[in-house]
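Structural overview
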Amino acid sequence: MTALTVAGVLLGGALAGCGGAAVPAPGAPAPASPTAPARAAAPSAAPKKPPTMAPGPAGRTPVFERRPTGGGAAGGAAEKAAAEKVVALTFDADMTADQGARAKAGERFDNPELIALLRRLKVPSTVFMTGRWAEEYPAQAKEIGTDDLFEVANHSYSHYAFTADCYGLPVVAKDTMTRDVERAFSAFRQAGVRNVVPYFRFPGGCYDDAALRALGPADVTAVQWDVVSGDAFATDAGAVAEQVLDGVRPGSLVVMHCTRSAAPVTAEAISRIVPELRKRGYRFVKVSELMEG
């Protein structure tokens, strides 16, 4: 899910000195204009490339679930990073390719109140967006995708399953999986989404070895989770909050939703989760930062 674009910094020309210009004597040639010494252009700030994982065997798409919790020498940098109290909240902006009629009839697959709450609480977050969602809500997609508080990752174009028997979702054919992912990236570009990262979340979280092999050419890192919020179709915000708070550990990655029709109490749950985790000493990060550790 395309690196962030950072504007280059250019040095302006030197300001001319004050005072009047000398007037040449009659008939004398005009003095040559002094040539300013050439200035080396300031180097453009290089865009920071989001971290990714190396492909698996035979080019299989790698899968990231949470920050590893070990493997470093005692007291080493890796161990300290693993123990840091950070957590990534992720939000799936779901809309399947065949739900356009439902959206026209008034069903809301967006949740601007949730996004506004994350801004007020200053919570960096990763939004896994479907291409179809970006097409339905292009203004919101652009607003999210140009706000540095957020990064936008790929949740497929269609939100169809990449395996059989995945919550009743229609299934993407193996030979069109990469095309489906690329179509979502294209929808983001057309909507003006800027902060795109090369991460992909399987619809429903469903994948198998065949899907990982088929998706290899898309050159993405698949991102799963270790904490299920249970906000999908939930009606009790307190229960959702409790489930997240019980599950979070240093380096956790939480899956939630940014869809009012399918997850109506997410914003209310977030208003409880964020203050409590901060009270416990946690810092919120995007997936890209979590993966850096």
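Residues numbered from 1 in each chain as written. Predicted model: local features only at pLDDT ≥ 70, side-chain atom pairs only at ≥ 80, totals over all residues. Heavy atoms only, no water.

1. Remarks on the pattern of salt bridges
Counted only if it meets this: Salt bridge, as used here: a side-chain nitrogen of Lys or Arg that lies within 4 Å of a carboxyl oxygen of Asp or Glu. Helix numbers and strand numbers start at the N terminus; a helix is a DSSP run of H or I with at least 4 residues, a strand a run of E with at least 2. Whether a residue is buried, partly exposed or exposed follows from its accessible area with a 1.4 Å probe, protein chains only, as a fraction of its type maximum: under 20%, in between, or over 50%, in that order.
Counting across every chain of the model gives 18 salt bridges. In this structure, Asp 92 engages Arg 201 in a salt bridge whose closest nitrogen and oxygen atoms are separated by 2.7 Å. Of this pair, Asp 92 sits in strand S2 (residues 86-93) while Arg 201 is found in the loop between strand S5 (196-200) and helix H7 (209-214), placing the two residues 109 residues apart along the sequence. Accessibility expressed as a relative area gives 4% for Asp 92, which makes it buried. With its nearest N and O atoms 2.9 Å apart, the salt bridge here joins Arg 272 to Glu 268. Taken together, the residues Arg 272 and Glu 268, both in helix H9 (residues 266-279) and four residues apart, mark about one turn of the helix.

2. Description of the packing of helix H3 (residues 112-121) against H9
Short version of the rule: Lines fitted to C-alpha atoms define the axes, with helix axes restricted to the stretch in contact, and inter-axis angles between N-to-C directions lie between 0 and 180 degrees. Roughly parallel means an angle under 35 degrees; roughly antiparallel, over 145; roughly perpendicular, 65 to 115; everything else is oblique. We call a crossing left-handed when the near helix sits turned anticlockwise from the far one by less than a right angle, and right-handed when that turn is clockwise. What makes two residues a contact is simply this: any of their non-hydrogen atoms within 4.5 Å. For this classification, Asp, Glu, Lys and Arg are treated as charged, while Ala, Val, Leu, Ile, Met, Phe, Trp, Tyr, Cys and Pro are nonpolar and the rest, including Gly, are polar.
It is at 9 Å that the axes of H3 and H9 come closest, and there the two elements cross at 20°. In terms of axis orientation, H3 runs roughly parallel to H9. Viewed along their axes, H3 and H9 form a crossing whose handedness is right-handed. In this structure, H3 uses Leu 114, Leu 117, Leu 118 and Leu 121 to contact H9, whose residues at the interface are Thr 266, Ala 267, Ile 270, Ser 271, Val 274 and Arg 278. Here the residues of the contact of H3 with H9 sort into seven nonpolar, two polar and one charged.

3. Description of the layout of surface pockets
To keep it simple, the criterion reads: Of the grid points, spaced at 1 Å and generated over the protein atoms alone, those admitting a 1.4 Å probe that cannot get out make up cavities, while open sets with protein on both sides within 12 Å along at least five of seven lines make up pockets; any residue with an atom within 4 Å of a point is treated as lining. Grid points are joined across faces, edges and corners, and a volume is the space filled by probe spheres set on the points.
Here the largest pocket is characterised by a volume of approximately 710 Å³. Lining of the largest pocket is provided by 31 residues; of these, Asp 94, His 159, Ala 232, Phe 233 and His 257 occupy positions nearest its centre. The class makeup of the residues in the lining of the largest pocket is 13 nonpolar, eleven polar and seven charged.

4. Regarding the environment of Gly 59
Take Gly 59: it is sitting in the segment before strand S1 (63-64). Gly 59 sits in the partly exposed class, given a relative accessible area of 34%.

5. Some points on the pairing of strand S4 (residues 150-154)
Definition in use: Strand pairing is assigned whenever DSSP identifies at least 2 bridges connecting the two strands. When the strands point away from the viewer, a crossover counts as right-handed if the route from the first strand across the helix to the second turns clockwise.
Burial of S4 is extensive: five of the five residues sit out of reach of the surface. Residues Phe 150, Val 152 and Asn 154 line one face of S4 and the alternating positions Glu 151 and Ala 153 line the opposite face, and both faces are buried. Both strand S3 (residues 125-129) and S4 contribute to a ladder of five bridges, which runs parallel. What sits directly across from Val 127, in S4, is Val 152. Examined bridge by bridge, S4 and S5 share two bridges and lie parallel to one another. Directly across from Val 152, in S5, lies its bridge partner Val 196. Considered for its hand, the β-α-β crossover made up of S4, helix H6 (residues 177-191) and S5 is right-handed.

6. Topic: the state of the cysteines
How we decide: Working definition: a disulfide is two cysteine sulfur atoms within 2.5 Å of each other.
Counted according to the given criterion, the structure contains one disulfide. Two residues, Cys 166 and Cys 206, share a disulfide whose sulfurs are 2.1 Å apart. Looking along the S-S bond of the Cys 166-Cys 206 disulfide, the torsion reads about 80°, which is the right-handed sense. Of the two residues, Cys 166 is situated in the loop between S4 and H6 and Cys 206 in the loop between S5 and H7; the sequence distance between them amounts to 40 residues.

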